[in-house]
Amino acid sequence: MTDRPPSDAMDSSATRSRRDPSLDDGLQRDVYCVAGLPIDAIDMAGAVDKVRRAAHTRTRCIIATPNLNFLMSAQTDPEFRASVLRSDLCLADGMPLIWVARLLALPIPERVAGSELFDRLLAHEGRPVTVYFFGGPPGAAAAACSKLQRSGGGLLCVGYEEVPFAPVEALSSDDMIERINQSGAEFVIVSLGARKGQAWIERNRDRICAPVICHLGAVVNFAAGTVSRAPRSMQALGLEWLWRIKEEPALWRRYAKDGLAFVALLRKHVLPHAWRLRFRSSERTKPPTLRVDSQGERTRLVLSGTWTRSDLAPLRTALIAAAQAGAKVQVSLDDVEGGDSAFVALLMLATGSRQLSVSVTSTSDGANRVLQDWRAEFLLGTAAA
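Parameters at a glance
Residues numbered from 1 in each chain as written. Predicted model: local features only at pLDDT ≥ 70, side-chain atom pairs only at ≥ 80, totals over all residues. Heavy atoms only, no water. Axes fitted to C-alpha atoms, helices over the stretch in contact; angles between N-to-C directions. Helix = DSSP H or I, 4+ residues; strand = E, 2+ residues; numbered from the N terminus. Parallel < 35°, antiparallel > 145°, perpendicular 65-115°, else oblique. Left-handed = near helix turned anticlockwise from the far one by under 90°. Contact = heavy atoms within 4.5 Å. Nonpolar A, V, L, I, M, F, W, Y, C, P; charged D, E, K, R; others polar. Core = buried A, V, L, I, M, F, W, Y, C linked by side-chain atoms within 4.5 Å. Buried < 20%, exposed > 50% of the residue type's maximum accessible area, 1.4 Å probe, protein only. Pairing = 2+ DSSP bridges. Salt bridge = Lys/Arg side-chain N within 4 Å of Asp/Glu carboxyl O. Phe/Tyr/Trp six-rings, centres within 6.5 Å; stacked < 30°, edge-to-face > 60°. Lys NZ or Arg CZ within 6 Å of the ring centre and 35° of its normal.

Peer 1: How would you sum up the packing of helix H4 (residues 68-76) against helix H5 (residues 78-85)? Please name residues and give values.
Peer 2: Relative orientation of the contacting elements H4 and H5 amounts to 120 degrees, with a least axis distance of 6 Å. The angle between H4 and H5 falls in the class oblique. Every pair of crossing elements has a handedness; the one defined by H4 and H5 is left-handed. Touching Phe70, Ser73, Ala74, Gln75 and Thr76 of H4 are Pro78, Phe80, Arg81 and Val84, all from H5. For the contact of H4 with H5, a count of residues per class yields 5 nonpolar, 3 polar and 1 charged.

This is the structure:
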């Protein structure tokens, strides 16, 4: 066993052996926990660059686009939430996430709406990214594909699949996946509804050759021209939902349900947490320390003190080292007194990683309060397989 503060450099097997680049890159993401979801601190230009790079270098990038519906669904649906945690990039698609981030003083730079990301990619003057549309209302994917083929812009459609209303299993046939792969697409845009779309991506991500996959539900309609986007003034004010109801009246029930649940979330959790943060920031805290206990195929990481964004490097290093050794990891928060949003987000990324087997345990009132404040109590339910 070794005991060392995070400011010290760790001499671990991860620094002496070849690292898995995708795991390293994933754990190095600048991510913050926003009401129980990990959100990347990235602006629109950065997101466009990341998608284009991933597409052209064929680097796997599963993108999640949390909006209000994502946020509220994740509060009660563990499988749906897990699909977001397993994503390689989580964009703040909805203004409510930006409002929560601002209330909690989190450095999420701006809203990165999936529909706007699509438009920026389409307007890009570089080599086109090849696109495959999967799903959408009857006729929409065909129309969207035709428009992209005529546009000569930064996105080139190489195929589409108009699918029936059916379970995820029925939409995952070998023939369907083969058509996607045969198209040579670099970017698969899924339009099946948020929960079904995320479930479809989770089921088929390892079968699809395209490096970039994202559920962008309304994009196929926007691209086809069957539904128009809200004026930018309404988007900036967070009122795009009113325009969407005008365009698609059936959405009002979902928006009403999510809106009421969001008001309850603000009242019960976000606003009280924001108030406590104003006073807790001035409290004296113990410095963070990390003890690494490696025993065969198991590694125990014992954390203590208060953890913030600037302290996370050694924890990342220890997680990567354990992954390279093929070890199952237990992260003990028994002696943790406090932690910020970035600390909780890193735990989320670790438990959501497909290359790590991580469990999180805690008997500490301080650690439990941290997880409750950031709406991440579910981390204590994770268990290494």
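Peer 1: Describe the nonpolar core, and please don't skip the residues or the numbers.
Peer 2: With 69 residues, the main nonpolar core has Leu301, Leu303, Val331, Leu333, Phe343 and Val344 as its most contacted residues. The element contributing the most residues to this core is helix H16 (residues 341-352), with 9 residues. When neighbours within four sequence positions are excluded, leucine 303 is seen to be in contact with Thr289, Leu290, Leu315, Val331, Ser332, Leu333, Asp335, Val336 and Phe343. Within the second largest apolar cluster, 34 residues are counted, among which are Val112, Leu117, Cys145 and Val212.

Peer 1: Describe the sheet that holds strand S6 (residues 129-135), listing the residues and the values that go with them.
Peer 2: Taken together, 6 strands build an open sheet; the order of strands is S5-S4-S9-S8-S6-S7 and the sheet is parallel. Here the strands that pair on one side only, and so sit at the sheet edges, are strand S5 (89-90) and strand S7 (155-161). Sheet topology places strand S4 (residues 61-64) next to strand S9 (residues 212-215); 3 bridges connect them, and they run parallel. Bridge pairing in S9 links isoleucine 62 to isoleucine 213. Of the strands in this sheet, S6, S7 and strand S8 (187-191) touch helix H9 (residues 174-183), which is tilted by about 165 degrees from S6.

Peer 1: I'd like a description of the pattern of salt bridges, backed by residues and values.
Peer 2: Scanning the entire structure with this criterion turns up 14 salt bridges. Among the salt bridges present, the one from arginine 207 reaches aspartate 174, with a minimum N-O distance of 2.8 Å. Note that arginine 207 is positioned in the loop between helix H10 (194-204) and S9 and aspartate 174 in helix H9, a separation of 33 residues in sequence. Judged by its relative accessible area of 29%, arginine 207 falls in the partly exposed class. Taking the relative accessible area as the measure of exposure, aspartate 174 reaches 59% and is therefore exposed. Arginine 276 serves as the salt-bridge partner of aspartate 373, at 2.5 Å between the closest nitrogen and oxygen. Highlighted residues: aspartate 373 in helix H17 (residues 365-373) and arginine 276 in helix H14 (residues 252-280), separated in sequence by 97 residues. What makes aspartate 373 buried here is its relative accessible area of 9%. Several salt bridges converge on common partners, so that one network encompasses Arg86, Glu202 and Arg205.

Peer 1: Which residues make up the packing of aromatic side chains, and what values go with them?
Peer 2: A full pass over the atoms with the stated rule returns 4 aromatic pairs. The interplanar angle of 50 degrees and the centroid separation of 6.4 Å between the aromatic rings of phenylalanine 118 and phenylalanine 133 together place this pair among those described as tilted. With a gap of 15 residues between them, phenylalanine 118 in helix H7 (residues 114-123) and phenylalanine 133 in strand S6 connect regions that are remote in the sequence. The class for phenylalanine 133 is buried, based on a relative accessible area of 1%. Residues tryptophan 307 and phenylalanine 343 carry aromatic rings whose centres are separated by 5.9 Å and whose planes lie at 20 degrees to one another, so their mutual orientation is stacked. Of this pair, tryptophan 307 sits in strand S11 (residues 298-307) while phenylalanine 343 sits in helix H16, and the two are 36 residues apart along the sequence. The same class applies to tryptophan 307 as to phenylalanine 343, namely buried. For the cation-ring pair, arginine 81 lies above phenylalanine 378, with the distance from its terminal atom to the ring centre recorded as 3.9 Å. The ring of phenylalanine 165 has lysine 196 lying over it, and the distance from NZ or CZ to the ring centre is 4.3 Å.

Peer 1: Residue-level account of the side chain of histidine 273, with values.
Peer 2: By the element assignment, histidine 273 lies in helix H14. Residue histidine 273 is classed as buried on the basis of its relative accessible area of 2%. Beyond its immediate sequence surroundings of up to four residues, histidine 273 is in contact with Leu104, Asp373 and Trp374.

Peer 1: Can you lay out the environment of valine 302 for me, pointing to particular residues and giving the numbers?
Peer 2: Along the polypeptide, valine 302 turns up in strand S11. A C-alpha to C-alpha distance of 7.8 Å links valine 302 and aspartate 335, two positions 33 residues apart in sequence.

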